[in-house]
Each structure stands twice: as C-alpha cells, then as structure tokens.
Amino acid sequence: MFRAILLLLFLSSFTFSSFSQEQPAAPTPAPSNNNQDRTGKRFTQEQLEEMTTRLHERVGKAADQVIGRIQQQESDIRIKYNYFRKPERLDPNSFAAKDEILQWRQSLQDLKAKQDMLEILYSDVDQNLESALLDQKINPAVADQVKRELLQSFPWESIK
C-alpha cells in the first residue's frame, strides 16, 4: 500500500519527456506535445502506457528491495520488543535456570543488534535506493526524482 501511494504520487508529477535514455548536454525546453521525447520521437498512447507500466514495475522492485529490508527489520524489532514487554520476562525470579538467563541476555543482544542494523539501513537509505533504482536500469535523472519523492515520504521526525 505504501509503495503504491508513493508510486502514484511520483507518476502523477512525472512528465513523459523524461523517458528518453539520452540526456542532452544542456537543458532544453520541453516540447509542447507530450507524446514526444527530447529527441522529437513521437510515442503512441499505448507506448506511453507501456513505458509507464515498465517504469512503475522497476520502481516497485527497487523500492521493495530497499524499503522491504527496512520493514522486515522493523518487524523483527517489534517482535523482540514485545517479548521483553511481558512482565515475567523482566522478573529475575521467574527464571528457573541459569540457561534461561543466558538466553534472555542473548535475546537482548539480538534486539540491540537489530536496532543497530535498522539505524544503518535508515542512514544508508539514500544510497541504497539510488543504487537499487539504477540497478533496475532507470534513467539517472528519473531515478534521482523518484528517490527524492520516496525519501520525502519517510516520517523522518518519528524515525529520528
């Protein structure tokens, strides 16, 4: 759902003139006809829809790759955190053996490691998203625009 909303926002602001893989050295004014790329080549409505669909799929794959890892890590942290929220998990008298204490400590270390990994994923999301988009053979200018749109959608105030 999150991915679909982000992609719709991006595609609604996206102009079809950005589909060209060839980038001119200097910016040129956009052609008045939306069915032309920057080289003047005309596209049919069917071709434009096909390009949009392919772009949508590629952006989706890249977003799933990067954002999916973050969501998985957040889910793992929530599961571990909920384990520790149970009152009996915090009462040292509820442990029957020393092995249980060792397991508890290991679980706590796992939680800390997952939190550290999530922090790394968020700090590297810009680079990871850019790489994933370019790996999908998306035009660098388009990839940069998509990346900016996706990053703006993150709730950075609550993440930090």
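Fair warning: this is a prediction, and the values are worked out from it, not measured in the lab.

Caption draft 1: Expanded view of the overall build of the chain. Along the chain, the regular secondary structure elements total seven helices and zero strands. Going through the 160 residues of the chain one by one, you find that 26% of them count as buried. Sequence-distant contacts, at least 24 apart, represent 69% of the contacts inside the chain between residues at least 6 apart.

Caption draft 2: Representation of the packing of aromatic side chains in the model. One pass over the structure, following the stated rule, counts three aromatic pairs. Connected via pairs of aromatic rings, a cluster forms that spans Tyr 122, Phe 154 and Trp 156.

Caption draft 3: Region of the structure containing the side chain of Lys 147. Position of Lys 147 relative to the elements: it lies in helix 6 (residues 140–152). When sequence neighbours within four positions are dropped, the list of residues in contact with Lys 147 reads Asp 126, Leu 129, Glu 130 and Leu 133.

Caption draft 4: Main features of helix 2 (residues 45–85). The terminal C-alpha atoms of helix 2, which comprises 41 residues, lie 56 Å apart, in line with the 60 Å expected from a rise of 1.5 Å per residue. By the largest-angle criterion, Ile 67 marks the main kink of helix 2, which is about 30 degrees.

Caption draft 5: A look at a positive patch on the surface. Together, Arg 54, Arg 58, Lys 61 and Lys 137 make up a region of like positive charge exposed at the surface. Tracing the sequence through the fold places Arg 54 in helix 2. On the basis of relative accessibility, which here comes to 38%, the residue Arg 54 falls in the partly exposed class.

Caption draft 6: Here's a closer look at the nonpolar core. Ile 70, Leu 133, Ile 138 and Phe 154 are the most contacted members of the largest nonpolar core, which totals 24 residues. Elements that contribute at least two residues to this core include exactly helix 2, helix 4 (98–123), helix 5 (125–135) and helix 6. With nine residues, the top contributor of residues to this core is helix 2. For Phe 154, the residues in contact, after removing those within four places along its chain, are Ile 67, Ile 70, Tyr 122, Val 125 and Ile 159.

Caption draft 7: Looking closely at a negative patch on the surface. A cluster of acidic residues, Glu 46, Glu 49, Glu 50 and Glu 57, forms a negative patch at the surface. For Glu 50, the location among the structural elements is in helix 2.

Caption draft 8: Focus on the packing of helix 2 against helix 4. For the pair helix 2 and helix 4, interaxial distance at closest approach is 9 Å and the crossing angle is 150 degrees. The orientation of helix 2 relative to helix 4 falls into the category roughly antiparallel. Between helix 2 and helix 4 lies a crossing whose hand is left-handed. Of the residues in helix 4, those touching helix 2 at Arg 69, Ile 70, Gln 73, Glu 74, Asp 76, Ile 77, Lys 80, Tyr 81, Tyr 83 and Phe 84 are Trp 104, Ser 107, Leu 108, Asp 110, Leu 111, Lys 114, Gln 115, Met 117, Leu 118, Leu 121 and Tyr 122.

Caption draft 9: Summary view of the packing of helix 5 against helix 6. At a minimum axis separation of 9 Å, helix 5 and helix 6 run at an interaxial angle of 140 degrees. Here helix 5 lies oblique to helix 6, going by the angle between them. The handedness of the crossing between helix 5 and helix 6 comes out as right-handed. The residues of helix 6 that touch helix 5, namely those facing Val 125, Asp 126, Leu 129, Glu 130, Leu 133 and Leu 134, are Pro 140, Ala 143, Val 146, Lys 147, Leu 150 and Leu 151. For the contact of helix 5 with helix 6, the class distribution of residues is nine nonpolar, no polar and three charged.

Caption draft 10: Representation of helix 6 in the model. The terminal C-alpha atoms of helix 6 lie 18 Å apart, and with 13 residues this matches the ideal 18 Å at 1.5 Å per residue to within 8%. Listed in full, the buried residues belonging to helix 6 are Val 142, Ala 143, Val 146, Lys 147, Leu 150 and Leu 151. Around the axis of helix 6, the buried residues are gathered within 160 degrees of arc, so they sit on the same side. The opening residue of helix 6, the one whose side-chain oxygen lies 2.8 Å from the backbone nitrogen of Ala 141, is Asn 139.

So, how was this worked out
- Residues numbered from 1 in each chain as written.
- Predicted model: local features only at pLDDT ≥ 70, side-chain atom pairs only at ≥ 80, totals over all residues.
- Heavy atoms only, no water.
- Helix = DSSP H or I, 4+ residues; strand = E, 2+ residues; numbered from the N terminus.
- Buried < 20%, exposed > 50% of the residue type's maximum accessible area, 1.4 Å probe, protein only.
- Contact = heavy atoms within 4.5 Å.
- Phe/Tyr/Trp six-rings, centres within 6.5 Å; stacked < 30°, edge-to-face > 60°.
- Expected span 1.5 Å × (residues − 1).
- Bend = angle between axes of the 7 residues up to and from the residue.
- Patch = residues over 30% accessible without salt bridge, like charges linked within 9 Å, V, L, I, M, F, W, Y side chains within 5 Å.
- Areas by Shrake-Rupley, 256 points an atom, 1.4 Å probe, with all protein chains shown as cover.
- Salt bridge = Lys/Arg side-chain N within 4 Å of Asp/Glu carboxyl O.
- Lys, Arg positive; Asp, Glu negative; His and termini not counted.
- Charge placed at Lys NZ, Arg CZ, Asp CG, Glu CD.
- Core = buried A, V, L, I, M, F, W, Y, C linked by side-chain atoms within 4.5 Å.
- Axes fitted to C-alpha atoms, helices over the stretch in contact; angles between N-to-C directions.
- Parallel < 35°, antiparallel > 145°, perpendicular 65-115°, else oblique.
- Left-handed = near helix turned anticlockwise from the far one by under 90°.
- Nonpolar A, V, L, I, M, F, W, Y, C, P; charged D, E, K, R; others polar.
- Arc of directions from axis to C-beta.
- Polar contact = N/O pair within 3.5 Å; in protein donor to acceptor, adjacent residues only side chain to side chain.

Nothing here speaks to function; it is all geometry.
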